[in-house]
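Residue strings, one per chain:
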Amino acid sequence: MNTPAPKNAVLGVTGSIAAYKACELVRLMAKAGWNVHVVMTAAAQKFVAPLTFQTLSRNPVGLDAFAPVADWKPEHVSLAERADLLLVAPCTANFIAKLAHGFADDLLSSTALATRAPIVIAPAMNDGMWDNPATQDNLATLQRRGVRVVEPNDGELACGILGKGRMADPREIFDFLTKMEVQAEQDVSFEMDPVILSKNNNEHDPPPPPPAPRPVATQRDFAASQYQRTPRI
Ligand SMILES: Cc1cc2nc3c(=O)[nH]c(=O)nc-3n(C[C@H](O)[C@H](O)[C@H](O)COP(=O)(O)O)c2cc1C
């Protein structure tokens, strides 16, 4: 039996105190067979050292859009093309705003704009930032475009008060990804077997027309199309 090819995830880490929780997330994902490429914003690097993510993911960590690359392709393009999933956890209010408005002024935002892979974000912030209409409008824009949001929890925030804004636990985020993957696989197997569609035909019925030729699609395209159709789990 062939071992399935590892799925590539880009994990974006942005400048929140919850960046330390992304370390556990990398561990869970890598253990489940994901090939994780971490990309950190400049602010994220103030919270956790890139070396931690490099060691946990066993991959180089993306830090700078203009860093020299071995390949000729700009790193944001190669990461964007390789990704089967882009997860941003923790995702700051600032990064939500950048995503909603299509900014591409660093490696992570450029990768997010270039990728066709499904995007999942796990916001983390102070409750005032979360409740702010600017943030809520930006989130609504992203959800309308099919970005999935793993909502933050209520609890004690880094600023010392109780409120909504704590990033979901790494295990919750990981379970969310697993559910998404199972759903995409179920939908793909349904789509890929035209026999299932014609099983209930009476034998006297005229034969169904042959299925239209399918454009060559990658797993990533399938995942993306699934997630367009079912914006929330
Ligand atoms: C100690 C500290 C903790 C912070 N935590 C958060 C946070 O949880 N969520 C958030 O949206 N911003 C937080 N910020 C502010 C962001 O780091 C800041 O907006 C930064 O510009 C975000 O950059 P990035 O989105 O490129 O990573 C924090 C700042 C500091 C100094």
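Analysis parameters
- Residues numbered from 1 in each chain as written.
- Predicted model: local features only at pLDDT ≥ 70, side-chain atom pairs only at ≥ 80, totals over all residues.
- Helix = DSSP H or I, 4+ residues; strand = E, 2+ residues; numbered from the N terminus.
- Buried ≥ 20, exposed ≤ 12 C-beta atoms within 10 Å, placed from the backbone.
- Contact = placed C-beta atoms within 7 Å.
- Pairing = 2+ DSSP bridges.
- Right-handed = clockwise from strand over helix to strand, strands pointing away.
- pLDDT = per-residue confidence, 0-100.
- Near = placed C-beta within 6 Å.
- Nonpolar A, V, L, I, M, F, W, Y, C, P; charged D, E, K, R; others polar.
- Core = buried A, V, L, I, M, F, W, Y, C linked by C-beta atoms within 7 Å.
- Axes fitted to C-alpha atoms, helices over the stretch in contact; angles between N-to-C directions.
- Parallel < 35°, antiparallel > 145°, perpendicular 65-115°, else oblique.
- Left-handed = near helix turned anticlockwise from the far one by under 90°.
- Arc of directions from axis to C-beta.

Turning our eyes to something else, we now look at the overall build of the chain. The helix and strand inventory of the chain stands at 10 helices and seven strands. The 233 residues of the chain split such that 36% are buried. Long-range contacts, defined here as pairs at least 24 residues apart, represent 75% of the contacts in the chain between residues at least 6 apart.

Bringing the pairing of strand S1 (residues 7-13) into the picture now. Burial analysis of S1 places five of its seven residues in the buried class, which makes it a mostly covered element. Pairing between S1 and strand S2 (residues 34-40): seven bridges, direction parallel. For asparagine 8, the partnering residue across the bridge sits in S2 and is asparagine 35. At this point the chain moves from S1, through helix H1 (residues 19-31), to the parallel S2, and the crossover so formed is right-handed.

Now for the confidence of the model for the chain. With 78% of its residues at a pLDDT of 70 or more, the chain has an overall mean of 83. Scored below 50 in pLDDT, residues 190-205 makes four contacts in the model with residues more than four places away or belonging to other chains. Scored below 50 in pLDDT, residues 213-233 shows 30 contacts in the model against residues more than four places distant or in partner chains.

Moving on, we get to the site of the ligand. The immediate surroundings of the ligand are formed by 16 residues, with Thr14, Gly15, Ser16, Thr41 and Thr92 found nearest. At three residues, the largest contribution of residues to the shell around the ligand is made by helix H4 (residues 93-101). Looking at the shell around the ligand residue by residue, the classes come out as 10 nonpolar, six polar and no charged.

A few words now on the nonpolar core. One finds Ala9, Leu11, Val38, Leu86, Ala89, Ile121 and Ala122 to be the most contacted residues of the largest nonpolar core, which totals 51 residues. Considering every element that reaches this core, the biggest residue donor is strand S3 (residues 85-91), with six residues. Dropping the residues within four chain positions of it, alanine 89 is found in contact with Leu11, Ala22, Leu25, Ala122, Met167 and Ile173.

Now for the packing of H4 against helix H7 (residues 133-144). Any two packed helices are characterised by how steeply their axes cross, that is the angle between the axes, and by the distance between the axes. Running from amino to carboxyl end, H4 crosses H7 at an angle of 45°, the nearest separation of the two axes being 9 Å. By the angle class used here, H4 and H7 are oblique. Considering the relative orientation of H4 and H7, their crossing is left-handed. Residues Ala93, Ile96, Ala97, Leu99 and Ala100 of H4 form the contact with H7, whose participating residues are Thr135, Asn138, Leu139, Thr141 and Leu142.

Taken as a whole, helix H3 (residues 75-82) has its buried residues at Glu75, His76, Leu79 and Ala80. Considered in projection along H3, the buried side chains sweep an arc of 130° and stay on one side of the axis.

It is worth spelling out the sheet that holds strand S4 (residues 119-123) at this point. Strand order in the open sheet formed by five strands is S2-S1-S3-S4-S5, and the pairing between neighbours is parallel. The sheet is open, and its two borders are formed by S2 and strand S5 (148-149), each paired with just one other strand.

Before going further, it helps to spend a moment on the packing of H1 against helix H2 (residues 50-57). At a closest axis distance of 9 Å, the pairing of H1 and H2 adopts a crossing angle of 15°. Looking at the two axes, H1 sits roughly parallel to H2. In this structure, H1 crosses over H2, and the sense of that crossing is right-handed. Each of Cys23, Val26, Arg27 and Ala30 in H1 lies in contact with H2, whose residues at this interface are Thr52, Phe53, Leu56 and Ser57.

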